[in-house]
Amino acid sequence: MAKTCIVCGKTAGSREHVFPAALGGRRTNSGIYCPEHDNSYSGLVNEIAGQLDFVNAYLGVRSDHSGQPKTAYAKHTLTGEIISISASEIKFTKPRVISHTQGGGGEALQLSFPSQQSAKQFIKEMEAKGHAMVLQSKPSLRPYITGAVHHQLTFGGACGLGAIAYIAQTFFAQEFPEIARSGVLSDFIAYTQAIAKVAALGGSEQKTEEREELITARSALTASLAPFEGTAPVWWEFSPPTGTRRNKFEFGHRVTVGVDAFDGQIYGRVALFSTLTFALRLGTAPRNSAVREVTVDIDPLAKHPPNDIEKYQLFSALGRVHAPKNTTEGLSEAIANGTQAHAFTNLLERLTEHQLVNLAHAISKALAPCSTMSPPEARTLIDKVLDEQPQQIWRMVTSVVQGLKKEMAKGSLDAILPVLDALIAHNAQSASGLSQQAEVALALAKAALAAQMEEDCTAGLLNEERIAELLGRGPGLHIVGQAVLAPVLQVFGGMPTPPT
Ligand SMILES: [Zn+2]
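Let us look at the structure shown here. (Residues numbered from 1 in each chain as written. Predicted model: local features only at pLDDT ≥ 70, side-chain atom pairs only at ≥ 80, totals over all residues. Heavy atoms only, no water.)

### Quick notes on the packing of helix α14 (residues 436-458) against helix α15 (residues 464-472)
Here is step 1: Packing of α14 against α15 brings their axes to within 11 Å, and their N-to-C directions diverge by 165°. Between α14 and α15, the crossing angle belongs to the class labelled roughly antiparallel. For the element pair α14 and α15, the recorded crossing hand is right-handed. Here α14 contributes L449, Q452, M453 and D456 to the contact with α15, which in turn contributes R466, I467, L470 and L471. (Axes fitted to C-alpha atoms, helices over the stretch in contact; angles between N-to-C directions. Helix = DSSP H or I, 4+ residues; strand = E, 2+ residues; numbered from the N terminus. Parallel < 35°, antiparallel > 145°, perpendicular 65-115°, else oblique. Left-handed = near helix turned anticlockwise from the far one by under 90°. Contact = heavy atoms within 4.5 Å.)

### Brief notes about the sheet that holds strand β10 (residues 265-272)
Here is step 1: Spatially, the six strands line up as an open sheet ordered β8-β11-β10-β9-β12-β13, and their pairing is antiparallel. Only two strands of the sheet have a single partner each, and these edge strands are β8 (234-236) and β13 (309-314). Neighbour-to-neighbour, the strand axes of this sheet turn through a mean angle of 15°, independent of strand direction.
Here is step 2: In the sheet, β8 pairs with strand β11 (residues 276-284) via three bridges, with the strands oriented antiparallel. The residue of β11 that forms the bridge with W235 is A279.
Here is step 3: Lying on the sheet, helix α5 (residues 157-175) is in contact with β8, β9 (253-259), β10, β11, β12 (292-298) and β13; it crosses β9 at an angle near 60°. (Pairing = 2+ DSSP bridges.)

### Considerations on the pairing of strand β4 (residues 82-85)
Here is step 1: As paired elements, strand β3 (residues 72-75) and β4 share four bridges and run antiparallel to each other. Bridged to A74 within β4 is I83.
Here is step 2: Turn length for the β3-β4 hairpin, with the two strands adjacent in sequence and antiparallel, is six residues, and the turn residue G80 shows positive phi of about 75°.
Here is step 3: Where β4 lies against strand β5 (residues 90-92), three bridges are found, and the strand directions are antiparallel.

### A closer look at unusual backbone geometry
Here is step 1: For the bond from P305 to P306, the omega torsion is 10°, close enough to zero to count as cis.
Here is step 2: Along the chain, the position of P306 falls in the loop between β12 and β13.
Here is step 3: Not every positive phi belongs to a glycine, and E229 is a case in point at roughly 55°.
Here is step 4: Relative to the elements of secondary structure, E229 occurs in the loop between α8 (212-224) and β8.
Here is step 5: If you check the backbone angles, F273 has positive phi at about 50° while not being a glycine.
Here is step 6: In this fold, F273 is placed in the loop between β10 and β11.

Given below as structure tokens:
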């Protein structure tokens, strides 16, 4: 079959990613769009990649374009400075001045750098500007504890939904090439083209004053929605059809496209990270089209084909969709009853667990030599390995302290609350980002975990599973709780034991 662009009918051949590369799609197809129309959707692709960049960064998804794991940026709550977030670390992006004192015929600065390279470059720049730099002490490598990084976890808007529509359209064209070129998608394609134009002009958020071009694009979008009674033919769908199988991949995306022979309904469903779920109506198939449905599961963590997707086909219309009367109805209901928030919380919990499992795997490897070492040698290695994980141990400290705070507030034992707050207080101006007291709490937690690991190691029990338990689940939280909270509880006497 001749490969023609489904938008304009000219020769296709742009090798577009069927699923966006930025979200971990690894497969290309050169038979769907001409280069111009492949390009025309880039605004929507950027929109969806931007909205999901935190999730991609935490997961370590590699873009198929750059090959590098995703990095996202956020403002650090305490200092207002920019930090970068990736699956391996959270760090500041620029040099920071920690303290600044005058005297001795010059200025003494305590500085912190995101990397050694950044430090070298800074010294070079300062010297180029004529500042003589003298190092007063040897630089040391210290991790900075950022605490919770707040960023909005939402997805959607007209352009977010437009991106979903574009993804489903591309898959439909791949799986049903003849129907896609029969003209029955023309209204749907006009809509995705119109929303893509709005996205390309940076119109994902409507502002009060907008440039002429964008205003024109918005009216074109409104006009394109007329065949759909004024609302986009894509909506949030919180109840997947019964009988669907689980996604093959832990954080898999899924795209389903199908045709129901009964009334010709052309439908699509998209699920991102097996969490954010949408449905679409793309049009009505020509009479006597056969019933068929194709589902593709996509693993955003696969580095390359062939095990990055799983595809299967049904000769029924299991996933056919029922458009709500008003496409925002489902969403407002989901917001009202917390379904959407629940979906995001669930995704975050799965991300945390995923990171813990990866961490336990890495630490288990690092600690493998312990089994043949003498106890003091083993302990030295355990200490060294735990020293590299302050952020993870800090997460456990804050988790037990905040857990106890909640309990105490319930029992109206308010007097202890400031004491607990002090235990985990940050200090943006310190080298570690923690107050002195918080550093003590962190050190106590680390020592307690190291002691337990040493004991488990001697008993031959320190496997990957046990390490995960100690560094993020109940047993580890219990140990950290004992170490950090025991001194406080002793002072206050007679308090209930901390929840673990
Ligand atoms: Zn074209």
